[in-house]
Amino acid sequence: GAVVSQHPSWVICKSGTSVKIECRSLDFQATTMFWYRQFPKQSLMLMATSNEGSKATYEQGVEKDKFLINHASLTLSTLTVTSAHPEDSSFYICSASGDSRHSNQPQHFGDGTRLSIL
Amino acid sequence: QKEVEQDPGPLSVPEGAIVSLNCTYSNSAFQYFMWYRQYSRKGPELLMYTYSSGNKEDGRFTAQVDKSSKYISLFIRDSQPSDSATYLCAGERSLNTGFQKLVFGTGTRLLVSP
């Protein structure tokens, strides 16, 4: 149980284009979804948290106009990297849980999306 | 000072060995602690989820939390080559928004040789 699917797993695109990444919870209702970024040999860094039907809450230093998050249903969240540039190249990972405002709601992760901007 | 500190390794052990992975943390606000396993180019997989000080066992894995010394451990018995991965520890604390936030260590890379 607690399967999270992320798509695509790898994307290469030209600088200036926008890229959309999908995160789906397959067998549970994900009231809260999270988006992380991971650089090689570094820890996962939380970018934003979203509850279904609400606006995302972004971590300090993360541009909300650059990284658009939509969490319109209990099973789907999307991250759109707008006007992507080479410095946006990274490994993006989503996770999902029950309502994170309650305790004892472990996060379950997708397999990540490797984004390469040329 | 990082909120969660973890030795990046690599830690190399022979098959069948008992593995000890450790983290320290500085933020007393952490309430829950997790261990995740991450294979190369994959997302983290939840292994253990603990709240209180003490031990929690699940198969070959035992998680240990000592809140007085801010020290968390993961023990793997009878280690297998398939256990070779990066192991991430994380603490969970509440944000002002009411959401819970995971703070990860950098991960320890484990190599189990046949």
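What counts, and at which threshold
- Residues numbered from 1 in each chain as written.
- Chains lettered and ligands numbered in written order.
- Predicted model: local features only at pLDDT ≥ 70, side-chain atom pairs only at ≥ 80, totals over all residues.
- Heavy atoms only, no water.
- Helix = DSSP H or I, 4+ residues; strand = E, 2+ residues; numbered from the N terminus.
- Buried < 20%, exposed > 50% of the residue type's maximum accessible area, 1.4 Å probe, protein only.
- Polar contact = N/O pair within 3.5 Å; in protein donor to acceptor, adjacent residues only side chain to side chain.
- Core = buried A, V, L, I, M, F, W, Y, C linked by side-chain atoms within 4.5 Å.
- Contact = heavy atoms within 4.5 Å.
- Disulfide = S-S within 2.5 Å.

A.B. asks: Just checking my understanding: could you explain the environment of Ser68 of chain B for this structure?
C.D. replies: Residues and elements named next belong to chain B. With respect to the helices and strands, Ser68 occurs in the loop between β7 (61-66) and β8 (71-76). Judged by its relative accessible area of 68%, Ser68 falls in the exposed class. As for Ser68 and Ser28, which are separated by 40 residues in sequence, their C-alpha atoms are 9.5 Å apart. Within polar-contact distance, the side chain of Ser68 engages the side chain of Asp66 at 2.5 Å.

A.B. asks: Which parts of the structure should I look at to understand the nonpolar core?
C.D. replies: Generally speaking, a soluble globular protein has its nonpolar side chains buried in company with each other. Residues and elements named next belong to chain B. By size, the foremost hydrophobic cluster in this structure holds 24 residues, and its most contacted members are Trp35, Ile72, Leu74, Ile76 and Tyr87. Of all the elements, strand β3 (residues 19-25) adds the most residues to this core, at four residues. The contact partners of Leu74, leaving out residues within four places of it in the chain, are Val19, Ser20, Leu21, Trp35, Leu47, Met48, Phe61, Thr62, Ala63 and Tyr87.

A.B. asks: What should I look at first to understand unusual backbone geometry in this one?
C.D. replies: Excluding glycine, a negative phi dihedral is what most residues carry, and trans is how most peptide bonds are arranged. With an omega of 0°, the peptide bond between His7 of chain A and Pro8 of chain A qualifies as cis. Mapped onto the secondary structure, Pro8 of chain A falls in the loop between β1 (4-7) and β2 (10-13). At the junction of Gly9 of chain B and Pro10 of chain B, the peptide bond is cis and its omega measures out at 10° in the coordinates. One can find Pro10 of chain B in the loop between β1 (4-6) and β2 (11-14). Even without being glycine, Ser83 of chain A reaches a positive phi, approximately 45°. With respect to the helices, strands and loops of the structure, Ser83 of chain A is situated in the loop between β8 (76-81) and β9 (90-97). Judged by relative accessible area, which is 32%, Ser83 of chain A ranks as partly exposed. Despite not being glycine, Lys70 of chain B has its phi angle at roughly 55°, a positive value.

A.B. asks: Got a minute to help me understand the state of the cysteines in this structure?
C.D. replies: By definition, a disulfide is the covalent link that joins the sulfur atoms of two cysteine residues. Taken as a whole, this structure holds two disulfides over all chains when the rule is applied. The partner cysteine of Cys23 of chain A in its disulfide is Cys94 of chain A, sulfur to sulfur 2.0 Å. Around the S-S axis, the bridge from Cys23 of chain A to Cys94 of chain A shows a dihedral of about 80° and counts as right-handed. Taken as a pair, Cys23 of chain A in strand β3 (residues 19-25) and Cys94 of chain A in strand β9 lie far apart in primary sequence, 71 residues in all. The residues Cys23 of chain A and Cys94 of chain A share a single accessibility class, namely buried. Put simply, Cys23 of chain B and Cys89 of chain B are joined by a disulfide, and their sulfur atoms are 1.8 Å apart. Since a negative S-S torsion denotes a left-handed disulfide, the Cys23 of chain B-Cys89 of chain B link at about -100° is left-handed. Here the residue Cys23 of chain B occupies a position in strand β3, and Cys89 of chain B occupies one in strand β9 (residues 85-94), the gap between them amounting to 66 residues. Accessibility assignment for this pair places Cys23 of chain B and Cys89 of chain B in one class, buried. No disulfide involves Cys13 of chain A; its nearest neighbouring cysteine sulfur is the one of Cys94 of chain A, lying 18 Å away. Judged by relative accessible area, which is 13%, Cys13 of chain A ranks as buried.

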